[in-house]
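Tertiary structure, described
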Amino acid sequence: MDRNAYQMLIAFNRETKKLDDVYRSAAKSCGISECAFWILYTLRVEEKSFTQAEICEFLIEPKQTVHSALKKLEAEGYLARTSSADLRSKHVALTEKGEQFARTWIDRVPEAETAALGAMPEEECAAFVRGLHLFCRLLEEGFRENGAI
């Protein structure tokens, strides 16, 4: 194994764990689960509407995890699920209470993310995103080749 690549792997893993903790802390400060946080975040920052199934796919989360979080958010009045043309799928939308909650708590996150990326030199920011995309693609290919997934 390439020693330099191994050292980079250790550093990468340390930083991704820190990143996970930052987002976990953001969800905790909102008083909601991580899955609920990501659902609300997605509904705020993505410029499209989502069905429950699309949220599962987009967040790469199990159906039951997303269903439980949606059910809790709906019970708390933050979102509504409505039937679409396909009666088996439901569209998810923020209620007025959900919009207010998101403006107060969730919107801070993409603001901070945008500020952090904006504070990086443009070429480093672009290289960071390209590198992360390449790493994810190559890692998934490697996992498929060696049977890890």
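Preceding this paragraph is the structure being described.
Summary of the structure given here. In this text the structure is predicted, and so the values were computed from the model without any measurement.

The next thing to look at is the nonpolar core. Judged by nonpolar contacts, the single largest core of 28 residues is most densely connected at I32, F37, I39, L43, I55 and I106. Every element with two or more residues in this core is listed here: α1 (3–30), α2 (34–45), α3 (52–59), α4 (63–75), β3 (90–94) and α5 (96–106). In terms of residues, this core owes the most to one element, α2, which gives seven residues. When sequence neighbours within four positions are dropped, the list of residues in contact with I32 reads A27, F37, L40, F101 and I106.

Another aspect to go through is the environment of D2. Here D2 is to be found in the segment before α1. Within the structure, the side chain of D2 is placed 2.8 Å from the backbone nitrogen of N4, a separation counted as a polar contact.

As summarised here, the arrangement of the three strands in space is β1-β3-β2, forming an open sheet in which the pairing is antiparallel. Pairing within the sheet leaves two strands with one partner each, and these edge strands are β1 (50–51) and β2 (79–83). Of the strands in this sheet, β1, β2 and β3 touch α2, which is tilted by about 85 degrees from β3. The strands touched by α4 within the sheet are β2 and β3, with β2 carrying the most contacts at an inclination of about 115 degrees.

Attention now moves to a nonpolar patch on the surface. Judged by side-chain polarity, L117, F128, V129, L132, F135, L139, F143 and I149 come together as a nonpolar surface patch covering roughly 670 Å² of accessible area. The biggest single contributor to the nonpolar patch is helix α7 (residues 122–146), with six residues. Tracing the chain through its elements places F143 in helix α7.

The end-to-end C-alpha distance of α1, which contains 28 residues, comes to 41 Å, matching closely the 40 Å that a straight helix rising 1.5 Å per residue would cover. Taken residue by residue, α1 has Y23, A26, A27 and C30 as its buried positions. Where α1 is buried, its residues meet α2, α5 and α6 (108–119). Sitting at the amino-terminal end of α1 is D2, which places a side-chain oxygen 2.8 Å from the backbone nitrogen of N4. In the segment just after α1, G31 is the residue with positive phi, at about 80 degrees.

Now for the packing of α1 against α2. At a minimum axis distance of 9 Å, the contact between α1 and α2 shows a crossing angle of 90 degrees. By the angle class used here, α1 and α2 are roughly perpendicular. Packed against α1, whose contacting residues are Y23, R24, A26, A27 and C30, the element α2 presents E34, F37 and W38 at the interface. When its residues are assigned to classes, the contact of α1 with α2 shows six nonpolar, no polar and two charged.

The rules behind each value
- Residues numbered from 1 in each chain as written.
- Predicted model: local features only at pLDDT ≥ 70, side-chain atom pairs only at ≥ 80, totals over all residues.
- Heavy atoms only, no water.
- Core = buried A, V, L, I, M, F, W, Y, C linked by side-chain atoms within 4.5 Å.
- Buried < 20%, exposed > 50% of the residue type's maximum accessible area, 1.4 Å probe, protein only.
- Helix = DSSP H or I, 4+ residues; strand = E, 2+ residues; numbered from the N terminus.
- Contact = heavy atoms within 4.5 Å.
- Polar contact = N/O pair within 3.5 Å; in protein donor to acceptor, adjacent residues only side chain to side chain.
- Pairing = 2+ DSSP bridges.
- Axes fitted to C-alpha atoms, helices over the stretch in contact; angles between N-to-C directions.
- Patch = residues over 30% accessible without salt bridge, like charges linked within 9 Å, V, L, I, M, F, W, Y side chains within 5 Å.
- Areas by Shrake-Rupley, 256 points an atom, 1.4 Å probe, with all protein chains shown as cover.
- Salt bridge = Lys/Arg side-chain N within 4 Å of Asp/Glu carboxyl O.
- Expected span 1.5 Å × (residues − 1).
- Parallel < 35°, antiparallel > 145°, perpendicular 65-115°, else oblique.
- Nonpolar A, V, L, I, M, F, W, Y, C, P; charged D, E, K, R; others polar.

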